[in-house]
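A structural walkthrough
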Amino acid sequence: MIDRRGFLQVSALAGLFPRVSMAEARLSPASLASGSGLEGLVKLIEETPREKLIEEMALRVKKGQSYREVLAALFIANVQNVQPRPVGFKFHSVLAINAAHQSSLAAPDSDRWLPIFWSLDYFKGSQAEEKKKSGWTLPPVDESKVPPADQAKKAFVDALESWDVEGIDAPTVALARHFGQNEVFELYFRHGMRDFRDIGHKAIYVAGAYRLLNVIGWAHAEPILRSLSLALQYYTEESPAKSDQAADRPWKFNRSILGGIPTGWTGGKLDPAATADLFVVARTADSEAMAKKTVDLL
């Protein structure tokens, strides 16, 4: 990871970069179409040595490379070169991109490039570690297995619920190609919280991917969703579909009590005493008691 001296050098360079307005950092992604030169930028990030990448990207930015194009290429390079299994450790280079972008939004116009350049360097460290440990890269799509649009959702959910690691990729590709972001992420939101392996990083990845795709555009969703699906399928030892493991029990229990939530729960009254009551349970009881108490309050 870039050290303090290196970061100060980047900070000095940043003063020479074009300023990034809030509008550019949040602009509608409609103008950022797939095939608009992004492939070359992704390749540059993937193939440039770590010690040369910051300087090379600085030159690109000075020549007019946009913030959103760099953000998109950074995200794609990460998911294509850093394996999401486990969903932590070196994979934090992926998980931290949304945080870097949020830091950019909070910065003044003159400093918005700094968190992104930090993430570029972080990626090169994770990429090198992946090459050393496994050599993994995101494999090509097996087009012969991609289901038609009308079968994609069922195939996706079936693969998830059976923890079919090999079977999740093809329906994921179909979802990316045939459906819109909100419709697809309804499925990811439901399953991103289904287990507590990797201490909640799966849910963090779902949220971060959704937010970044709102910035870079759905045209770039396919490799990102393929990585995300692999992350949700991560487990060790016996398949969770064939065993009862502690990491899966809260999800199973919560699904069993959903019927107790009244249909009009969104119209409930404000009650500070209920908040205090829930805090007591959170601090003193187990997860099942917490879930039951939440249903009771609703």
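Being a predicted model, the structure only gives us computed values, none of them experimental. (Residues numbered from 1 in each chain as written. Predicted model: local features only at pLDDT ≥ 70, side-chain atom pairs only at ≥ 80, totals over all residues. Heavy atoms only, no water.)

**Observations concerning empty space enclosed by the protein**
Going through the model one piece at a time under the given rule, you end up with 1 cavity of 30 Å³ or more. Each pocket or cavity is described by its volume, and for the largest cavity that value is around 40 Å³. As for the largest cavity, its lining consists of F75, V94, L95, N98, I204, Y205, G208, A209 and L212. When contributions to the lining of the largest cavity are tallied by element, the ones reaching two or more residues are α6 (92–106) and α11 (201–216). When residues in the lining of the largest cavity are grouped by element, the largest group, 5 residues, is from α11. Split into classes, the residues belonging to the lining of the largest cavity amount to 7 nonpolar, 2 polar and no charged. (1 Å grid on protein atoms, 1.4 Å probe; cavity = no way out; pocket = protein on both sides within 12 Å on 5 of 7 lines; lining within 4 Å. Points joined across faces, edges and corners; volume = space filled by probe spheres on them. Helix = DSSP H or I, 4+ residues; strand = E, 2+ residues; numbered from the N terminus. Nonpolar A, V, L, I, M, F, W, Y, C, P; charged D, E, K, R; others polar.)

**With respect to the packing of helix α10 (residues 181–191) against helix α12 (residues 221–232)**
Between α10 and α12, the least distance of the axes is 11 Å, while the angle of their chain directions is 25°. With respect to α12, the element α10 is oriented roughly parallel. As α10 runs across α12, the sense of the crossing is left-handed. Residue-level inspection shows V184, F185, Y188 and H191 of α10 in contact with α12, the latter providing L225, L228, S229 and L232. A per-class count over the contact of α10 with α12 returns 6 nonpolar, 2 polar and no charged. (Axes fitted to C-alpha atoms, helices over the stretch in contact; angles between N-to-C directions. Parallel < 35°, antiparallel > 145°, perpendicular 65-115°, else oblique. Left-handed = near helix turned anticlockwise from the far one by under 90°. Contact = heavy atoms within 4.5 Å.)

**Quick notes on the packing of aromatic side chains**
Tallied over the entire structure, the rule returns 11 aromatic pairs. On the numbers, 5.8 Å between centres and 85° between planes, the contact of W163 with Y235 is edge-to-face. Note that W163 is positioned in the loop between α8 (149–161) and α9 (169–178) and Y235 in the loop between α12 and α13 (249–256), a separation of 72 residues in sequence. Take W163: its relative accessible area is 7%, and that puts it in the buried class. Between F185 and Y210 the ring centres are 5.2 Å apart and the planes differ by 65°, which places this aromatic pair in the edge-to-face class. Taken together, the positions of F185 in helix α10 and Y210 in helix α11 put the pair 25 residues apart, joining distant regions of the chain. Judged by its relative accessible area of 22%, Y210 is partly exposed. Every member of this aromatic cluster is reached through a ring pair, and the members are F156, F185, Y188, F189, Y210 and W218. Over the ring of W163 we find R194; its NZ or CZ atom is 3.6 Å from the centre of that ring. (Phe/Tyr/Trp six-rings, centres within 6.5 Å; stacked < 30°, edge-to-face > 60°. Buried < 20%, exposed > 50% of the residue type's maximum accessible area, 1.4 Å probe, protein only. Lys NZ or Arg CZ within 6 Å of the ring centre and 35° of its normal.)

**Here we look at the packing of helix α5 (residues 67–81) against α6**
One way to put it is that α5 packs onto α6 with a least axis distance of 9 Å and a crossing angle of 165°. Classified by the interaxial angle, the pair formed by α5 and α6 is roughly antiparallel. The chirality of how α5 crosses α6 is right-handed. Contacts between α5 and α6 involve Y67, L71, L74, F75, N78 and V79 from the first element and S93, V94, I97, H101 and S104 from the second. Residue composition of the contact of α5 with α6, by class: 7 nonpolar, 4 polar and no charged.

**Considerations on the layout of surface pockets**
Estimates place the volume of the largest pocket at around 620 Å³. Contributing to the lining of the largest pocket are 26 residues, with M193, P250, W251, N254 and R255 lying nearest its centre. Elements supplying a minimum of two residues to the lining of the largest pocket: α10, α11, α13 and α15 (287–297). Partitioning the lining of the largest pocket into residue classes produces 14 nonpolar, 6 polar and 6 charged.

**A few points about unusual backbone geometry**
If a residue is not glycine, its phi is most likely negative; likewise, a peptide bond is most likely trans. A cis geometry characterises the amide bond from R85 onward to P86, with omega recorded as 5°. Here P86 shows up in the loop between α5 and α6. Residues other than glycine seldom take positive phi values, yet F89 does so here, at roughly 55°. Residue class for F89 comes out exposed when judged on its relative accessible area of 65%. Residue E237 is not a glycine yet carries a positive backbone phi of 65°. Here E237 is to be found in the loop between α12 and α13. Assessed through its relative accessible area of 75%, E237 is described here as exposed.

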